[in-house]
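In case you want the letters, here they are:
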Amino acid sequence: MTARETEIATYNFAYLDEQTKRMIRRAILKGIAIPGYQVPFASREMPMPYGWGTGGVQVTASIIGPDDVLKVIDQGADDTTNAVSIRAFFKKVANVAVTTETAKATIIQTRHRIPEHPLNTGQVLVFQVPIPEPLRFLEPRETETRKMHALEEYGLMHVKLYEDIARHGRIATTYAYPVKIEGRYVMDPSPTPKFDNPKMHRSPALQLFGAGREKRIYAVPPFTEVVSLDFEDHPFEVQTFDQPCALCAAENVHLDEVILDDHGGHMFVCSDTDHCEKRRADGHRGSLAPETHLALEKTEPAQ
Amino acid sequence: MTDEPLLRVAALSKFYGSRVGCENISFDLWPGEVLAVVGESGSGKTTLLNCLSTRLLPSSGTASYRMRDGQWRELYRMSEAERRFLMRTDWGFVHQNPADGLRMTVSAGANVGERLMAVGDRQYGKIRATAVDWLSRVEIDEDRIDDAPRAFSGGMRQRLQIARNLVTGPRLVFMDEPTGGLDVSVQARLLDLLRGLVTDLGLAAIVVTHDLAVARLLSQRMMVMKDGRVVESGLTDRVLDDPRAPYTQLLVSSILQV
Amino acid sequence: MYVAVKGGEAAIANAHRLLADRRRGDRSVPALRLDQIVEQLALGVDRVMSEGSLYDRELAARGVAQARGDMIEAIFLVRAYRTTLPRFGYTSPVDTGAMQVERRVSATYKDLPGGQVLGPTFDYTHRLLDPELAAGADVDAPAQRPIEAEAMPRVSSILAHEGLIEADGDMPLDHIPGDITREPLEFPMARDIRLQALSRGDEGFLLALGYSTQRGYARNHPFVSEIRIGEVELELDVPELPFAVPLGSIRVTECQMVNQFKGSAKAPPQFTRGYGLVFGQSERKAMAMALCDRALRATELGEDVIAAAQDEEFVISHSDNVQATGFVEHLKLPHYVDFQAELDLVRRMRAEYEAREIEDKAEDKREAAE
């Protein structure tokens, strides 16, 4: 009984056993070699539910080393519960340093956003992906969609965009907006808002995508061409916001709407909490910014 | 017409285990020519059509197609990618049931435009204008362009399927009982339309039908099949007016008596 | 003034603390011991082992307790634990013909070598809530019979002698059995892979699909050739040793269905098979699995695929309850970035729509005035 308890309590570094990590690394390398191609991998059951980032967690667990500095965001924020939970997981099973500062992180695991602060060479952005197949809702069969990718039959993708314009007068896809990688594979950028699509293009960072439940890994190597699909006469465009962040006055960033009361009062603030706090620490003040701001401890070293 | 055929079929056979699907079929098809394949159900005409359109691989025999660049290619040696590309550019396939050839959940305009987008057309305005043009050619009102085919009648669906197939200007179209399942009056109108389009566009077509009237109206040449084999072939008018094989005689007489 | 909500970490810690409290419940009630769960909630433990793909009663019981009796959560706990275990090797195929049988029934023969053995079954109990159970009355020791020397051959082997049933699971000689926990799933699947996936599939899902085949959605005319429950020996081949090393025994439930089959282009008229095998005792699951296995062989046998139960991608992609529950429940995670994007789009389209309406009305008025 006690012997077993100790067994359960002592996990391998970063939870996964080394065999599994090697298998996942092979999948990652293959993904990097064929940018945008979905590599099947034998996804393992993780101690968090499917759909909660098991793909991203497995990718991170396979690439993380003791010297890495990890940042985890969900919806752009470091303090959302799922981000907190995943960060705590890696602190526990890999005992790595964690940070909320984009620039200090070596690995950033994300759900639904790309940080506003430009990424650099050497950084790895790990996306959590729910449905990796961009053609899935047009063609439900895996056997057929794999064939379509193999034969580069992407007409259907534009059918979807055509339908949007015919029905709404514009491309009504706002997130998980499909992209073409290096002129070959059409890829789902995960449910990030299309606002973030241009950040993927020729990014100096390595971008890895993990879908645990669907058992796929794919990658965009640094400085790779990432083009959002569109029509020549209906070009891709990102969302724009009518006002700057109410806390840090940032413009050209993705904003979240925060409801202030029950009679329609609301404000828009940066969805990237680290970016917002940095700007406020630098003295930027939005229209609704509090007078004082408590500086938070941003980086926690490994114990 | 050019002096070379478009499609050459030699000794094509398809067996299902020991059962014969079709056996030892040979013929040439010329550009702009419409060939009708007639026979009762189970005669092997649909098996033949599926083999020719590479939806089914034959057990033996060859079929060669003259590509747009003039090169002859053997169909069953082409890669799947090449065949699928051919299928959505230079060929068309009109199914008996329009739901098999249409995307029932997307609009009529997108159904027509899909092939254009598949070959790289990226001008929404141009795709839409082409769709409008093709809808009018198959007599579908422009204001139905954003409706899904679910809201269409059987005849309209079939015309939409034809437009979807013809939009890339194919040179060869396969048709499987294109008027089957439609009311007689709707059939007549569709046949008229098809005849007009085939003549205007100079299309070559292989039409499988059990209806001799369809063969008479659409085709210049016909093949009569029974038990997987061709029992008679020749100019359509000759075969229908002066059938030589006993089976053809039976077929023609039984139709004319009705 | 606005202060951003912080403190996710503290909130999570508090939630976990509350969960532990609720799990324990009223402290004046004695805490459940794992051995009580193993002994007295054995079928629940069996289900957790079976769908958790890990044969260990005590761990499964721990899962049940930790999950407060939520079976899928317990299965999930066991699966997550199983991930951390290295794979030492694969045992030789178990021989269910040599099973130490506790229950064995056949619906196709009245009597047969080895006989019908009812064993511990709910089948002929009247489902009356038992007041004595609540009172904690003593239970009689079971009646016993001497061990019989008579072998208990599998019923399907009896049928096979007549040549009226297809051979059992022919795989090419060089076929290496797959392992769904080590290799990615690929469609279409070989039957061995499919059976593995079915064996850990959700009992409720497979039950509903099996039921649908009986109600006409891909009817396959099944007969229970045999259900047997008991202990089978596990043996491991070790390359250095000339004999297989016995590892002990596990309890399994096996169901062999025979299905009437009129023949097709690919196969002659004969009986065909559907197969179910699960850890522990679960006839319902084994039978549902056998029905689904047979339905999923439609393509192999040249039958038309017309119903959900025959659709391999549909069945296998949705049978895993750990995957299903995770993805359904992930909808409660924040989605406000995506929602914001949609909100913005709807607002814009709505504004355009309203502007158009106003314009149209103005035009109507102008026309009316003219």
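Going by the annotation in an unreviewed UniProt entry, the name recorded for chain C is Carbon-phosphorus lyase complex subunit PhnI, with Mesorhizobium tamadayense given as the source organism.

The name an unreviewed UniProt entry assigns to chain B is Phosphonate C-P lyase system protein PhnK, from the organism Mesorhizobium tamadayense. Entered under Sequence similarities (unreviewed entry) in the UniProt record, the comment concerning chain B runs "Belongs to the ABC transporter superfamily."

Before going further, it helps to spend a moment on the overall build of chain B. Each helix and strand counted, chain B has ten helices and ten strands in total. Its C-alpha radius of gyration of 18 Å places chain B within 12% of the 18 Å reference for a compact globule of 258 residues. Overall, chain B is about 55 × 45 × 40 Å in size when its C-alpha atoms are taken along their principal axes. Counting across all 258 residues of chain B, residues that qualify as buried make up 54%.

Taken together, the 22 residues of chain B in the interface contact 18 residues of chain A. When chain B packs against chain A, the two sides together hide about 1800 Å² of surface, and 56% of this comes from carbon and sulfur. Contact with chain A buries surface across chain B, with R84, R122 and Y124 of chain B losing the most and accounting together for 39% of the total. Where chain B touches chain A, the interface holds four salt bridges. Taken together, the links from chain B to chain A amount to twelve residue pairs in polar contact (both at pLDDT 80 or more). Put simply, the parts of the chain that give the side of chain B that touches chain A at least two residues each are α2 (80-89), α4 (108-118) and α5 (124-137) of chain B. It is α4 of chain B that provides the largest number of residues to the side of chain B that touches chain A, a total of five residues. Split into classes, the residues belonging to the side of chain B that touches chain A amount to eight nonpolar, five polar and nine charged.

Bringing helix α2 (residues 18-33) of chain A into the picture now. Residue and element names in this part refer to chain A. If you check α2, its first and last C-alpha atoms are 22 Å apart, about what 16 residues at 1.5 Å a residue would give, namely 22 Å. Within α2 the residues assigned to the buried category are T20, K21, M23, I24, A27, I28 and G31. For α2, the angular spread of buried residues about the axis comes to 160°, placing them on one side. Pointing more than 90 degrees away from the buried face of α2 are the exposed residues R26, L29 and A33. Buried residues belonging to α2 abut β1 (39-40), α3 (54-63), β8 (206-211) and β9 (216-220).

This part is about the side chain of E177 of chain B. All names here are of chain B. Mapped onto the elements of the fold, E177 is located in the loop between β7 (172-176) and α7 (184-201). A polar contact is formed between the side chain of E177 and the side chain of H210, at a distance of 3.0 Å. Excluding anything up to four places from it in sequence, E177 contacts K45, Q96, V208, T209 and H210.

When two helices pack together, their arrangement is given by the angle between the helix axes and the distance between those axes. All names here are of chain B. One can describe the packing of helix α6 (residues 154-166) onto α7 by two numbers: an axis separation of 10 Å at closest approach and a directional angle of 15°. When the interaxial angle is binned, α6 and α7 end up roughly parallel. Classified by chirality, the crossing of α7 by α6 is right-handed. Along its contact with α6, which presents G155, Q158, R159, I162 and L166, the element α7 presents V186, R189, L190, L193, L194, L197 and L201. Here the residues of the contact of α6 with α7 are counted per class, giving eight nonpolar, two polar and two charged.

Moving on, we come to the sheet that holds strand β10 (residues 229-235) of chain B. All names here are of chain B. Across the sheet, which stays open at both edges, the six strands sit in the order β6-β7-β8-β3-β9-β10 with mixed pairing between neighbours. A strand with exactly one partner marks an edge of an open sheet, and here the two such strands are β6 (91-94) and β10. Each strand axis lies, on average, 15° off the axis of its neighbour in the sheet, ignoring direction. Pairing analysis gives four bridges linking strand β3 (residues 34-38) to strand β9 (residues 221-226), with the strands arranged parallel. In the sheet register, A36 faces β9, and the bridge partner there is M222.

All names here are of chain B. Along its sequence, chain B is carved into domain 1 (1-90 + 171-258) and domain 2 (102-169). When each unit is reduced to the centre of its C-alpha atoms, the spacing between domain 1 and domain 2 is 25 Å. With 18 residues of domain 1 in contact, the opposing surface of domain 2 contributes 15 residues. Taken together, the two surfaces of domain 1 and domain 2 that pack against each other cover about 1400 Å², and 64% of this comes from carbon and sulfur. Between domain 1 and domain 2 we count one salt bridge in total. Between E139 and R189 there is a salt bridge; the shortest N-O distance is 3.3 Å.

The next thing to look at is the domain arrangement of chain C. Interface size is commonly expressed as the accessible surface area that is lost when the partners come together. All names here are of chain C. Once the domains are mapped, chain C shows domain 1 (11-82) and domain 2 (96-121 + 151-169 + 178-326). Each of domain 1 and domain 2 was reduced to a C-alpha centroid, and the two centroids are 28 Å apart. With 15 residues of domain 1 at the contact, the number on the domain 2 side is 17 residues. It is E51, Y55 and R79 in domain 1 that bury the most area against domain 2; as a group they hold 38% of the surface buried on that side.

Another point: the sheet that holds strand β10 (residues 226-228) of chain A. All names here are of chain A. Spatial strand order, β7-β6-β10: three strands in an open sheet with antiparallel pairing. Of all strands in the sheet, those bounded by a partner on one side alone are β7 (185-187) and β10. When strand polarity is set aside, the average angle formed by the axes of neighbouring strands in this sheet is 35°.

With that out of the way, let us pick up the packing of aromatic side chains. Each pair of aromatic rings is reported with the distance of its centres and the angle of its planes. One pass over the full model with this rule turns up 14 aromatic pairs over all chains. Between Y11 of chain A and Y15 of chain A the ring centres are 5.1 Å apart and the planes differ by 40°, which places this aromatic pair in the tilted class. With centroids separated by 5.3 Å and ring planes inclined at 40°, the aromatic side chains of Y162 of chain A and Y124 of chain B adopt a geometry described as tilted. Taken together, the residues Y162 of chain A in helix α6 (residues 155-168) and Y124 of chain B in helix α5 connect one chain to another. Residue classification places Y162 of chain A among the buried positions, given a relative accessible area of 0%. Aromatic ring contacts, followed pair by pair, group Y11, Y15, F89 and F90 of chain A into a single cluster. We note R8 of chain B situated over the ring of W72 of chain B; from NZ or CZ to the ring centre the distance is 4.8 Å. If you follow R55 of chain B out to its NZ or CZ, it ends over the ring of F93 of chain B, 4.3 Å from the centre.

Turning our eyes to something else, we now look at the UniProt feature "domain: ABC transporter" (unreviewed entry) in chain B. Those places that UniProt annotates as "domain: ABC transporter" (unreviewed entry) correspond, in this numbering, to residues 7-252 of chain B. Structurally, residues 7-252 of chain B is divided into 40% helix and 26% strand, and its ends, taken at the C-alpha atoms, are 28 Å apart.

Residues and elements named next belong to chain B. Tracing the sequence through the fold places D176 in strand β7. Of the side chains bearing the opposite charge, K45 lies closest to the buried D176, which forms no salt bridge; the N-O distance is 6.8 Å. Ignoring sequence-local partners within four residues, the contact set of D176 consists of T46, L49, F93, V94, H95, Q96 and V208.

So, about the interface of chain A and chain C. Each partner contributes to the interface: chain A provides 70 residues, whereas chain C provides 52 residues. Where chain A meets chain C, there are five salt bridges. We note a salt bridge from E352 of chain C to R170 of chain A, for which the minimum N-O separation is 2.2 Å. Seen at the junction of chain A and chain C, the total is 21 residue pairs in polar contact (both at pLDDT 80 or more). When contributions to the side of chain A that touches chain C are tallied by element, the ones reaching two or more residues are α1 (2-9), α4 (81-93), α5 (142-150), β11 (255-259) and β12 (266-270) of chain A. Here the element with the most residues in the side of chain A that touches chain C is α4 of chain A; it accounts for six residues. Residue composition of the side of chain A that touches chain C, by class: 32 nonpolar, 17 polar and 21 charged.

The next subject is a negative patch on the surface. On the surface, a cluster of negative charge is made up of E357, E359, D360, D364 and E367 of chain C. Its place among the elements puts D364 of chain C in helix α14 (residues 336-369).

Here is the key point about a regular strand: its side chains alternate between the two faces of the sheet. Residue and element names in this part refer to chain B. Pairing of strand β1 (residues 7-16) with strand β2 (residues 19-29) involves seven bridges; the strand directions are antiparallel. Note that in β2 the partner of F15 across the bridge is V20. Relative to strand β4 (residues 60-66), β1 runs antiparallel, the two being bridged by five bridges. Considered in β4, the bridge of V9 is made with A63.

What counts, and at which threshold
Residues numbered from 1 in each chain as written. Chains lettered and ligands numbered in written order. Predicted model: local features only at pLDDT ≥ 70, side-chain atom pairs only at ≥ 80, totals over all residues. Heavy atoms only, no water. UniProt positions renumbered as here; feature names shortened; annotations may be inferred. Helix = DSSP H or I, 4+ residues; strand = E, 2+ residues; numbered from the N terminus. Rg over C-alpha atoms; globule rule 2.2 N^0.38 Å. Buried < 20%, exposed > 50% of the residue type's maximum accessible area, 1.4 Å probe, protein only. Contact = heavy atoms within 4.5 Å. Buried area = accessible area lost by both parts, 1.4 Å probe. Salt bridge = Lys/Arg side-chain N within 4 Å of Asp/Glu carboxyl O. Polar contact = N/O pair within 3.5 Å; in protein donor to acceptor, adjacent residues only side chain to side chain. Nonpolar A, V, L, I, M, F, W, Y, C, P; charged D, E, K, R; others polar. Expected span 1.5 Å × (residues − 1). Arc of directions from axis to C-beta. Axes fitted to C-alpha atoms, helices over the stretch in contact; angles between N-to-C directions. Parallel < 35°, antiparallel > 145°, perpendicular 65-115°, else oblique. Left-handed = near helix turned anticlockwise from the far one by under 90°. Pairing = 2+ DSSP bridges. Domains from an automatic or database assignment. Phe/Tyr/Trp six-rings, centres within 6.5 Å; stacked < 30°, edge-to-face > 60°. Lys NZ or Arg CZ within 6 Å of the ring centre and 35° of its normal. Lys, Arg positive; Asp, Glu negative; His and termini not counted. Patch = residues over 30% accessible without salt bridge, like charges linked within 9 Å, V, L, I, M, F, W, Y side chains within 5 Å. Areas by Shrake-Rupley, 256 points an atom, 1.4 Å probe, with all protein chains shown as cover. Charge placed at Lys NZ, Arg CZ, Asp CG, Glu CD.

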